[in-house]
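Structural overview
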Amino acid sequence: MATTRPFAFAVLFLSSPLLDVLASAATAGEAEGLGNGFSKESVVSFVASRVRRSQESLRATATGLQDPPGINEARWKQAVKQAVEENLSECAISIFADHDFGFSLATLFPSNPVKVFTLEEEVLTSRSTWSRALCDAYIFVVGEGDALLRHADVSHYHDHDPHSHDPHPYWNYRAFHLVLLLGEGEGALLPSEVAGLYNFRKTENLLVLQRGRGGDILAWTHLPFSRGAVRVFLVDTWRRGRFLKGRDLFPEKLDNLQGFPLRVATFEHPPSVVYQHDEDDPRKVLDRLGVDMQIVQTLAGARNFSLEFTEVSHDELWGYELPNGTWLGLVGQVFYEKADVGACNMFLDLHRWRQVDYSVPYNFERGCFVAPAPKPLVNWQAPLLPFSGLTWASIAVALALCGGLLYAVVALSSQAELPEFRSVVHDYLYMAAAFTMRAPHIRPSQPPVRVYVGFVWLFCLILATAYSANLVAFLSSNQMSAPVDTLEQLSRSGLRIGGHAFWKTQFSASIDPLVRDFSNVLESDVELSSLFDRVEGGEFALIENKQYLELQAGARFTYGSRTTIRIVPECLLPYSIGLAFQKNSPLKRNFDGVILRLFESGVLQKWKEEVVTFYRRQYSGRKLDDEFANTRVRPLELTQLQGVFFVLGLGYVAAALALAGEAVVSLYTPSP
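What counts as what
Residues numbered from 1 in each chain as written. Predicted model: local features only at pLDDT ≥ 70, side-chain atom pairs only at ≥ 80, totals over all residues. Heavy atoms only, no water. Helix = DSSP H or I, 4+ residues; strand = E, 2+ residues; numbered from the N terminus. Buried < 20%, exposed > 50% of the residue type's maximum accessible area, 1.4 Å probe, protein only. Contact = heavy atoms within 4.5 Å. Areas by Shrake-Rupley, 256 points an atom, 1.4 Å probe, with all protein chains shown as cover. Pairing = 2+ DSSP bridges. Disulfide = S-S within 2.5 Å. Arc of directions from axis to C-beta. Polar contact = N/O pair within 3.5 Å; in protein donor to acceptor, adjacent residues only side chain to side chain. Core = buried A, V, L, I, M, F, W, Y, C linked by side-chain atoms within 4.5 Å. Salt bridge = Lys/Arg side-chain N within 4 Å of Asp/Glu carboxyl O. Axes fitted to C-alpha atoms, helices over the stretch in contact; angles between N-to-C directions. Parallel < 35°, antiparallel > 145°, perpendicular 65-115°, else oblique. Left-handed = near helix turned anticlockwise from the far one by under 90°. Nonpolar A, V, L, I, M, F, W, Y, C, P; charged D, E, K, R; others polar. Phe/Tyr/Trp six-rings, centres within 6.5 Å; stacked < 30°, edge-to-face > 60°. pLDDT = per-residue confidence, 0-100.

**Observations concerning the overall build of the protein**
For the protein, the count of helices and strands is 24 helices and 22 strands. Classification of the 672 residues of the protein by burial places 44% in the buried group. Relative to all contacts within the protein whose residues are 6 or more apart in sequence, the contacts with residues 24 or more apart total 69%. As displayed, the protein has an accessible area near 34,900 Å², and 57% of this comes from carbon and sulfur atoms.

**Some words on the pairing of strand β7 (residues 232-239)**
Across the 8 residues that make up β7, a large majority, 7, are buried. Sheet topology places β7 next to strand β8 (residues 242-243); 2 bridges connect them, and they run antiparallel. Residue pairing in the sheet places W238 in a bridge with F243 of β8. Between β7 and the antiparallel strand that follows it, β8, lie 2 residues; R240 among them carries a positive phi value of about 55°.

**Looking at the state of the cysteines**
Scanning the model with the defined rule gives 2 disulfides in all. With a sulfur-sulfur separation of 1.7 Å, C91 is cross-linked through a disulfide to C135. Of this pair, C91 sits in the loop between α4 (73-87) and β1 (92-97) while C135 is found in the loop between α6 (121-124) and β3 (136-142), placing the two residues 44 residues apart along the sequence. Residues C91 and C135 agree in their burial class; the two are buried. What links to what in the protein: the bonded cysteines, counted in sequence order, pair as 1-2, 3-4. Free cysteine C460: the closest other cysteine sulfur is in C402, separated by 6.4 Å. With a relative accessible area of 0%, C460 lands in the buried category.

**Things to note about helix α19 (residues 528-536)**
Considered for burial, the residues of α19 that qualify are L528, L531, F532 and V535. When α19 is viewed along its axis, its buried side chains cluster within an angular range of 110° and face the same direction. Its side-chain oxygen placed 3.0 Å from the backbone nitrogen of S530, E527 serves as the N-cap of α19. Phi for G538, located one or two positions after α19, is positive at around 85°.

**A word on the pairing of β1**
Of all 6 residues making up β1, 6 are buried, and the element is well covered by its neighbours. Burial along β1 is two-sided: A92, S94 and F96 and I93, I95 and A97, pointing in opposite directions, are all buried. In the sheet, β1 pairs with β3 via 6 bridges, with the strands oriented parallel. Each bridged residue has a counterpart across the sheet, and for S94 the counterpart in β3 is Y138. Alignment of β1 against strand β2 (residues 114-118), held across 5 bridges, turns out to be parallel. Bridge pairing links F96 to F117 in β2.

**A word on the sheet that holds β7**
On the basis of which strands lie adjacent, the open sheet formed by 8 strands has the order β2-β1-β3-β4-β5-β6-β7-β8 and mixed pairing. The outermost strands of the open sheet, each flanked by one partner alone, are β2 and β8.

**What to know about the nonpolar core**
Core analysis: the largest hydrophobic core is formed by 80 residues, its most contacted members being I295, L330, F369, W503, F507 and L579. For this core, the element with the most residues is helix α10 (residues 291-303), which contributes 6 residues. Ignoring anything within four residues of it in the chain, the contact list for L579 reads I295, V296, L299, V341, G342, A343, D357, Y358, S359, Y362 and I595. With 32 residues, the next largest nonpolar core counts V80, I139, V141 and F250 among its residues.

**Details of the pattern of salt bridges**
Considering all chains together, one arrives at 18 salt bridges under this definition. The residue K81 makes a salt bridge to E85 at a minimum N-O spacing of 3.9 Å. Within this pair, K81 and its partner E85 are both found in helix α4, separated by 4 residues, close to a single helical turn. For E85, a relative accessible area of 49% corresponds to the partly exposed category. Linking K588 and D592 is a salt bridge whose minimum nitrogen-to-oxygen distance equals 2.8 Å. Placement of the pair is K588 and D592 together in helix α21 (residues 587-601), with a separation of 4 residues, close to one helical turn.

**Examining the packing of α10 against α21**
If you want to describe how two helices pack, look at the angle between their axes and the distance between the axes. Two elements in contact, α10 and α21, have axes whose closest approach is 10 Å; the angle formed by their N-to-C orientations is 120°. The orientation of α10 relative to α21 falls into the category oblique. For α10 against α21, the interelement crossing comes out right-handed. Along its contact with α10, which presents I295, T298, L299, A302 and R303, the element α21 presents N590, F591, V594, I595, R597 and L598. In terms of residue class, the contact of α10 with α21 is made up of 7 nonpolar, 2 polar and 2 charged.

**A word on the environment of C571**
Along the chain, C571 falls in the loop between β21 (565-567) and β22 (574-582). Along the backbone, C571 and G367 are 204 residues apart, and their C-alpha atoms lie at a distance of 6.0 Å. The residues touching C571, leaving out its near neighbours within four places in the chain, are R366, G367 and C368.

**Looking at the packing of aromatic side chains**
All told, the structure shown has 33 aromatic pairs when counted by the stated rule. Centre to centre, the rings of F305 and F591 are 5.5 Å apart; their planes meet at 15°, and the pair counts as stacked. Residue F305 is found in strand β12 (residues 305-311), and its partner F591 is found in helix α21; the two are separated by 286 residues along the sequence. On the basis of an interplanar angle of 65° and a centroid distance of 6.1 Å, the ring pair of F502 and Y575 is categorised as edge-to-face.

**Describing the confidence of the model for the protein**
When pLDDT is averaged across the protein, the result is 79; 81% of the residues are at 70 or more. Averaged over each element, pLDDT in the protein is lowest for helix α1 (residues 4-14) (36) and highest for α10 (94). Here residues 156-165 is modelled with pLDDT under 50, and outside its nearest four sequence neighbours on either side it reaches 17 contacts, counting other chains as well. Note on residues 623-631: pLDDT under 50 across the span, and 8 contacts to partners over four residues away in sequence or across chains.

Written out as structure tokens, the structure is:
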């Protein structure tokens, strides 16, 4: 005994299958009666039982009582048939085998549609192999397993097909996968090695059957989310014609992630994500608020996982594709599996869908432009503003016609009129006086001229009254420039267009030629927060989602009842908003149900209102600009009347030019 016991312990700790059993029992508490919790004594008892079993195995080996080489086909068929009948009775079955035993399994399932394939790379990469049904089950009968290893251990971003973003575009991650490990000896595959293959890490429903001692068949499954080596645990043991514990061989694993930390890529983008910073250290984030963060935190509570946040650079934001095909930003972090979830107002877009999977949408938003609000017009234009340009042109034509007609009426009259009215210059000055409501001291004496002049005065009275009333309104209030209300007006406004690189792909794909033209002028190398100041300054127009623009305009750029930036009413088509997951992530199916219940409850709107109130409170202490703060009646300022002085100055210039012209004429006119 003194020599046997150390050797038995050595076999225990050097045996890889036995180590798998011990590791799975310690982590999941499922193996060999340890239960949901275990103490030091139970672990010691468990190890002792394994030592005794190893000693029995050694004695059996020494006496020639071990299992004969090869497999007991009858036992394996009974175990596989029972597993399928109890769990996969309504599924279409595909069998992949690199061992002769696998081809004999097809006759075990008369009520199921069954297809049998050779387990080789050409078959696994063929579209015709992976036809889909309402329920699919794949049985892999593995002897050596080289083809399965080569196929299933390639990460999705190591692209071997230039026409596909996924080297396994046909692999059914949602199906049930049953792997039979028939190999034995040092080179045989272990359950932990199978579960660690990339495709199986993304597959929730995995069952691995492995040959045990004494004719037992061990049923293993895995925890899809684990750092480093994938954790496997023993579900059940098949012995003497039945599974001993009668458990579900494909248990639900994602309802309780047992505190596993999921990495969430995000960045601040109100109201979806709002950071609460430390007052002493602004770089330190005390809390993350917003609709997207509330959803993630609710998922963490419902599915019992912890959160590890990874910050996305504000230079990259949601991310974009470089010319060499590399993705940056939030999409890049999820795509390259540096994060499990991406959460920050993620638009569900087809271009990004090739890199990430989306959750069900929980919000809908439109892409809109924000442009400078109408600015006060320069006050020197006030004397011209009461009438439009066409009206002023009509008045000038009327003045020209009235002066000429007055001269013609006087000339054609049969009765002599005062000599002053026989001068063309005098007639035009007379009409100009009528237009300015200043009656001249000379009145016509003959009836035809009096009738004509009377109607002209009536016309001028109405015109002058309208001008005077409108002029008072323009002088006593700030007149604003025309707003930008349509995309066509925006394209002609001369404003530079800024926004994230995502919008370039959206503009390019539009069927509207006007929108497509925006892709040629979009400037994406800009920082959103500082870009708002340039919008306010009248230099830029910015494209973003509407709720983000509304919050920024209301919180940062509202002064009293006026905002200095304005959302253009004509927007782009609406976009759905959801979370981003790694491609083929099993989290999507499980999390979608929780997100749908949150959406249907209406709590998302409540969360949005709360974060909007919190964000606006941060800017509530801003003072109103003096230009807009005082809305009471006030005396006219010089700036409001500067147009009148410009008119006076124009008169001085005209008089000076007339005087100079008169001097020149008199200089060259000989004296009588």
